[in-house]
Amino acid sequence: MKPPVMTALKTGRLNLVPFTQAHAADVQRYSGYWEVARYTAGIPHPYPPGGALAFARDVDFARRNGSGGLVFAISRRPDTAVVGMIDLNLAIDARSAEMGYALSPEVWGQGIACEAAKAVMAWGFESVELDVIEARALVVNRASCRVLQKAGFRRVGHGSLYMPERRKTGLFEEYRLLRREWRPARCGAKKTDG
Ligand SMILES: CC(C)(COP(=O)(O)OP(=O)(O)OC[C@H]1O[C@@H](n2cnc3c(N)ncnc32)[C@H](O)[C@@H]1OP(=O)(O)O)[C@@H](O)C(=O)NCCC(=O)NCCS
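Residues numbered from 1 in each chain as written. Predicted model: local features only at pLDDT ≥ 70, side-chain atom pairs only at ≥ 80, totals over all residues.

S.K.: Account for the overall build of the chain, naming residues and giving values.
M.R.: Along the backbone of the chain there are five helices and nine strands. On C-alpha atoms alone, the chain measures out to a radius of gyration of 16 Å, which is about the 16 Å that the 2.2 N^0.38 rule sets for 194 residues. Along the three orthogonal principal directions, the C-alpha set of the chain runs to about 40 × 40 × 35 Å. A fraction of 61% describes how many contacts in the chain between residues 6 or more apart in sequence connect residues 24 or more apart. (Helix = DSSP H or I, 4+ residues; strand = E, 2+ residues; numbered from the N terminus. Rg over C-alpha atoms; globule rule 2.2 N^0.38 Å. Contact = placed C-beta atoms within 7 Å.)

S.K.: How would you summarise helix 4 (residues 112-126) if you had to cite specific residues and measurements?
M.R.: The end-to-end C-alpha distance of helix 4, which contains 15 residues, comes to 21 Å, matching closely the 21 Å that a straight helix rising 1.5 Å per residue would cover. Of all 15 residues in helix 4, 13 are buried, a share of seventy percent or more. (Expected span 1.5 Å × (residues − 1). Buried ≥ 20, exposed ≤ 12 C-beta atoms within 10 Å, placed from the backbone.)

S.K.: Summarise the packing of helix 1 (residues 24-31) against helix 3 (residues 51-64); cite the residues concerned and give the values.
M.R.: Two elements in contact, helix 1 and helix 3, have axes separated by 8 Å at closest approach and are oriented at 130°. When the axis of helix 1 is compared with that of helix 3, the two are oblique. Our pair here, helix 1 against helix 3, has a crossing hand that is right-handed. Residues Ala 24, Val 27, Gln 28 and Ser 31 of helix 1 touch helix 3, and the partners they reach there are Gly 51, Ala 52, Leu 53 and Ala 56. Counted by class, the contact of helix 1 with helix 3 contains five nonpolar, three polar and no charged residues. (Axes fitted to C-alpha atoms, helices over the stretch in contact; angles between N-to-C directions. Parallel < 35°, antiparallel > 145°, perpendicular 65-115°, else oblique. Left-handed = near helix turned anticlockwise from the far one by under 90°. Nonpolar A, V, L, I, M, F, W, Y, C, P; charged D, E, K, R; others polar.)

S.K.: Outline the site of the ligand, supporting the account with residue identities and numerical values.
M.R.: The ligand sits among 21 residues. The nearest are Ala 113, Cys 114, Arg 142, Ala 143 and Arg 146. Those elements giving two or more residues to the shell around the ligand turn out to be strand 5 (96-103), helix 4 and helix 5 (142-150). Ranked by the residues each element gives to the shell around the ligand, the list is headed by helix 5, at six residues. Here the shell around the ligand is composed, by residue class, of twelve nonpolar, six polar and three charged. (Near = placed C-beta within 6 Å.)

S.K.: Tell me what's going on with unusual backbone geometry, and back it up with residues and numbers.
M.R.: Following His 45, the chain continues to Pro 46 via a peptide bond in cis, the omega torsion being -5°. For Pro 46, the position within the fold is in the loop between helix 2 (34-37) and helix 3. Put simply, Arg 77 and Pro 78 share a cis peptide bond, and its omega is 0°. In this fold, Pro 78 is placed in the loop between strand 3 (70-76) and strand 4 (82-90). Phi is positive for Glu 129, close to 60°, though the residue is something other than glycine. If you trace the backbone, Glu 129 turns up in the loop between helix 4 and strand 6 (132-138). Even without a glycine there, the phi angle at Arg 167 is positive, about 55°. Take Arg 167: it is sitting in the loop between strand 7 (154-163) and strand 8 (168-178). Of the residues examined, Arg 167 has 7 C-beta atoms within 10 Å and is grouped as exposed.

S.K.: Go over the pairing of strand 4 with me, naming the residues and quoting the values.
M.R.: When you tally the buried positions in strand 4, you get seven out of nine residues, the bulk of the element. Pairing of strand 3 with strand 4, which is carried by six bridges, proceeds in the antiparallel orientation. Counterpart to Ala 73 in the pairing with strand 4 is Met 85. Relative to strand 5, strand 4 is paired through seven bridges, and the arrangement is antiparallel. Residue Met 85 lies in a different strand from strand 5, and its bridge partner there is Ala 102. (Pairing = 2+ DSSP bridges.)

S.K.: Go over helix 1, please, and point to the residues and values.
M.R.: Burial in helix 1 covers these residues: Ala 24, Val 27, Tyr 30 and Ser 31. The arc enclosing the buried residues of helix 1, seen along the axis, measures out at 140°, which places them on a common side. Looking at the packing, one finds that the buried side of helix 1 touches helix 2, helix 3 and strand 4. (Arc of directions from axis to C-beta.)

Pasting the structure below:
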């Protein structure tokens, strides 16, 4: 199977573009907030200097060798500043992926995560031809659970998972959506040239 080719996605209010080193300064700025990191398994806290740049290099490497790197930087038109990221973490067979996201706190509560999630889900099902997209959110992370429900995911259970950067185990709600269950949503993505 050929590695997926990332394209820029456009929604009603947002641009989603492949995350690169050019976006690292914006991501570095908000990734240091404890409220951004605390419910995630993978964002370190304190966030190290140069952390976003190192992450962008890893993403670039994964993209070039076809092993992943399906990370989008989110901005609100007409601004170009990056206010968040959303990604699909492909399984080895490339038939399924897990979705994750984090936004800068100043844009929380405006429906941006849901809008970005719907765009990435459309891309994942239509372009990457995934059979299933999964997602997990800590039970205490009600905003994230709500995002997944609004985006159309089905809650399929609970499970414990070790969170390396938190050095503890968390109780997660587990969500899933099969391609045949998915319906393009009102704020779904349109492909652009860029
Ligand atoms: C989780 C996160 C991405 C949500 O982004 P967002 O753009 O604010 O999300 P949306 O505005 O699309 O939707 C949030 C929903 O949660 C609801 N919500 C927010 N806080 C809530 C709470 N404490 N309890 C219940 N619902 C809550 C909002 O009301 C909204 O639902 P509504 O549209 O029905 O009113 C953002 O808070 C974030 O980046 N958090 C830090 C990183 C993180 O936790 N990532 C996810 C890891 S699984």
